[in-house]
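The primary structure of each chain is shown beneath.
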Amino acid sequence: MQLQLSRGILPPTLTLVQACDDASELNSAVTLLLKILRSCPAADLLSVSVGGSSSSDGATASDGNASGNNSFLTSTLCATRHLLSPSQPDSCSGVAGPLLVQLLKTFPEHMTAEAPAAVSHCRQAMVQYDPSAAVSSRTYLGLLLGDAVAKLASGGCSPTTVTSLLEFIVRLALLDVQQLVQLLDAIRVQQPGGAVVAGLAVVMPLWLEHTPDMTGTLLTRQCAAALLQLLQLRHHPGLAGLLVQGQPLDAAAATWGGRVTRSKARQQGGLQYSQVFCPIKVLQVLGQLLVADAEASSNQTAGPNLQHLEEGEWDEGYETDEDEGIQADEHDSPTADMMLKGMAYKGVPLNIPSDELDLLDALIRSAATTPVPEDPSEANDPLLRVNFRSMLRQELGVLVSSDPGFLAAAAAQLGPCREV
């Protein structure tokens, strides 16, 4: 019954993903697609024939075999590539990251297979590959990773979109970090300024900058575990020679008496940072994660100093709208107000109790701002049962004891900081 239902739902859903430019509808369509991917066995999904899938350049995928043009996997990957196009607005590309992650979890053994022409040609190529690379760029994984890198290099991604795409890259690192580094080193993309750079030069600075944004118990641990694996490849030429943002320079602080405000930094063209080699920055970021976890644990142990107030009692520092002379209006919410006007226009009676307006406002918010639901199966991930601080200390301890010169080089480049 579930498979039959999916057979009926999948074709219009995938068509909507490729044809729609409304962020709210795209979010809803991808959320439905994620639910199907999580609930149906992979073998059942692979047996679904979606039919001729329209590509973004007007071509159609037809006359394919079971693993080719008409398969569910091919159509879904074409839809995902469409979402990752640099020409797509950020509001429409924000759902691509969760879809990439779920495809990797649902079809792990298929990602390393060579992609059929229907997937390779479903949109104009935005990525070039080093012909001397030892890894194949024609696999499903190579194409999707190239698309993700091109999207990140386009410069128009919000932090939310960046973080969701980085989660996909973190997952790839946990599966095979060496293959990931080789693929990123082989990828060539053009940045908005016209410079052509390697995938590592796009991904690593963003990864290290946005590590604090990858929140959640599991994702934080996955990110740390992936960075630890990257450190094992610290001598790879693509990583060892890559310069990334380091510490703020002291010159600006000295100019302004040791303290730099945002306005003063803007007068000097913004804060200036040193440049450090990528593996050294990875070590610093791991140290920051260790420090942050220790501080969070300390704060949790101390406990919040809260005053439990009975009903009718207020904290002295709390101000209500009435204290500020603001009269609350039952039609204050512009979202609810617009919906009520629309209902009146359509002849719907406006006999909604005033105390239900807040609920109405919450229900009618755009789905484009609604986070994609998490995968319940991740509650059993083994990383959740690992002591995070112990994992970091043990792995970093082994690294320092086996390569003390690396720690010395990190201290010399970063200067005095508590993370190293």
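Starting afresh in each chain, residues are numbered from 1 along the sequence in its written order. Residues qualify for local features only when their pLDDT is at least 70, as the model is predicted, and side-chain atom pairs are given and counted only at 80 or more; totals for whole chains, interfaces and linings, by contrast, use all residues. Side-chain figures throughout are based on the complete set of non-hydrogen atoms in the structure, without hydrogens or water.

Caption draft 1: Representation of helix 18 (residues 388–402) in the model. With 15 residues, helix 18 should reach 21 Å at 1.5 Å per residue; the first-to-last C-alpha distance of 22 Å fits that figure. All buried positions along helix 18 are accounted for by Phe 388, Met 391, Leu 392, Leu 396 and Leu 399. All buried residues of helix 18 fall inside an arc of 110 degrees around its axis, so they share one side. Facing away from the buried side of helix 18 by over 90 degrees, the exposed positions are Arg 393, Gln 394, Ser 401 and Ser 402. Backbone nitrogen of Arg 389 and a side-chain oxygen of the N-cap are separated by 3.3 Å at the start of helix 18; the cap is Asn 387. Numbering of helices and strands runs from the N terminus; a helix is a DSSP stretch of H or I covering at least four residues, while a strand is a stretch of E covering at least two. Take the residue count of a helix, subtract one, and multiply by 1.5 Å to get its expected span. Using a 1.4 Å probe on the protein chains alone, a residue whose accessible area is under 20% of its type maximum counts as buried, one over 50% counts as exposed, and one in between counts as partly exposed. To obtain the arc, one takes the directions from the helix axis to the C-beta atoms. Between N or O atoms, a polar contact is any pair within 3.5 Å; within protein, one atom must be a potential hydrogen donor and the other a potential acceptor, and residues adjacent in sequence are included only when both atoms are from side chains.

Caption draft 2: Main features of the side chain of Thr 76. Inspection of the secondary structure assignment puts Thr 76 in helix 4 (residues 72–83). Residue Thr 76 is classed as buried on the basis of its relative accessible area, which comes to 0%. The contacts of Thr 76, once residues within four sequence positions are left out, are Leu 14, Leu 33 and Leu 103. Pairs of residues are marked as contacts when any of their non-hydrogen atoms sit within 4.5 Å.

Caption draft 3: Up close: the confidence of the model for the protein. Confidence per residue, as judged by the predictor, is encoded in pLDDT with a range of 0 to 100. Averaged over every residue, the pLDDT of the protein is 77; residues scoring 70 or more account for 69%. Looking at the elements of the protein, mean pLDDT is at its lowest for strand 2 (residues 60–61), recorded as 36, and at its highest for helix 10 (residues 199–210), recorded as 97. The low-confidence segment residues 306–370 (pLDDT under 50) makes 36 contacts with residues lying over four places distant or belonging to another chain.

Caption draft 4: A look at helix 19 (residues 404–414). Phe 406, Ala 410 and Leu 414 are the residues of helix 19 that are buried. One face of helix 19 carries all of its buried residues, which in axial projection span an arc of 55 degrees. In helix 19, the exposed residues that point more than 90 degrees away from the buried face are Pro 404 and Ala 412.

Caption draft 5: Examining the nonpolar core more closely. Working definition of a nonpolar core: buried Ala, Val, Leu, Ile, Met, Phe, Trp, Tyr and Cys residues. They are joined through side-chain atoms within 4.5 Å. Phe 72, Leu 145, Phe 168, Met 204, Trp 207 and Leu 286 are the most contacted members of the largest nonpolar core, which has 101 residues in total. Considering each element in turn, this core owes the most residues, 13 residues, to helix 9 (residues 159–186). Beyond its immediate sequence surroundings of up to four residues, Trp 207 is in contact with Leu 166, Ile 169, Val 170, Ala 173, Met 214, Cys 223, Ala 226, Leu 227 and Leu 230.

Caption draft 6: Layout of the sheet that holds strand 5 (residues 196–198). Pairing between two strands requires that DSSP report at least two bridges joining them. Strand order in the open sheet made by the three strands is 3-4-5, with antiparallel pairing throughout. Of all the strands in the sheet, the pair left with one neighbour each is strand 3 (128–129) and strand 5. Where strand 4 (residues 187–190) and strand 5 come together, three bridges link them in antiparallel fashion. Counterpart to Val 189 in the pairing with strand 5 is Val 197. Packed on one face of the sheet, helix 8 (residues 140–153) meets strand 3 and strand 4 and runs near 30 degrees to strand 4. To obtain each axis, a line is fitted to C-alpha atoms, and for helices this fit is confined to the stretch in contact; angles are then taken between N-to-C directions over 0 to 180 degrees.

Caption draft 7: Just the environment of Leu 100, in detail. With respect to the element layout, Leu 100 can be found in helix 6 (residues 96–106). Sequence-wise, Leu 100 and Leu 77 are 23 residues apart; in three dimensions their C-alpha atoms are separated by 8.8 Å. With residues up to four places along the chain from it excluded, the contact list for Leu 100 reads Thr 80, Leu 84, Leu 144, Leu 165 and Phe 168.

Caption draft 8: Layout of the packing of helix 6 against helix 9. At a closest axis distance of 7 Å, the pairing of helix 6 and helix 9 adopts a crossing angle of 20 degrees. Taken together, the axis directions place helix 6 and helix 9 in an arrangement best described as roughly parallel. Taking contact as the criterion, the partners of Gly 97, Pro 98, Leu 100, Val 101, Leu 104 and Lys 105 in helix 6 are, on helix 9, Ser 164, Leu 165, Glu 167, Phe 168, Arg 171, Leu 172 and Leu 175. Residue composition of the contact of helix 6 with helix 9, by class: eight nonpolar, two polar and three charged. In these notes the angle categories are as follows: under 35 degrees is roughly parallel, over 145 is roughly antiparallel, 65 to 115 is roughly perpendicular, and the rest is oblique. Residues are sorted three ways: Asp, Glu, Lys and Arg are charged, Ala, Val, Leu, Ile, Met, Phe, Trp, Tyr, Cys and Pro are nonpolar, and all the rest, Gly among them, are polar.

Caption draft 9: A look at the packing of aromatic side chains. Any pair of Phe, Tyr and Trp rings, taking the six-membered ring for Trp, is counted once the centres come within 6.5 Å. Such a pair is stacked with planes under 30 degrees apart, edge-to-face with planes over 60 apart, and tilted for the rest. Counted according to the given criterion, the structure contains one aromatic pair. On the basis of an interplanar angle of 55 degrees and a centroid distance of 6.3 Å, the ring pair of Phe 72 and Phe 107 is categorised as tilted. Of this pair, Phe 72 sits in helix 4 while Phe 107 sits in the loop between helix 6 and helix 7 (117–120); the two residues are 35 residues apart in sequence, bridging distant segments of the chain. We note that Phe 72, like Phe 107, is buried. Any Lys NZ or Arg CZ that is within 6 Å of a ring centre and within 35 degrees of that ring's normal is treated as a charge sitting over the ring. Between the NZ or CZ atom of Arg 234 and the centre of the ring of Phe 406, over which it lies, the distance is 5.5 Å.

Caption draft 10: Region of interest: the environment of Val 101. Along the polypeptide, Val 101 turns up in helix 6. Sequence separation of Val 101 and Leu 166 is 65 residues, and the distance between their C-alpha atoms is 9.9 Å.

Caption draft 11: How the structure looks around the pattern of salt bridges. Counted as salt bridges are all cases of a side-chain nitrogen of Lys or Arg within 4 Å of a carboxyl oxygen of Asp or Glu. In this structure the tally under the stated criterion is seven salt bridges. For Asp 293, the salt bridge goes to Arg 389, with nearest N and O atoms at 3.0 Å. Of this pair, Asp 293 sits in helix 15 (residues 278–302) while Arg 389 sits in helix 18, and the two are 96 residues apart along the sequence. Connected through salt bridges with shared partners, the residues Lys 105, Glu 167, Arg 171 and Glu 378 form a single ionic network.

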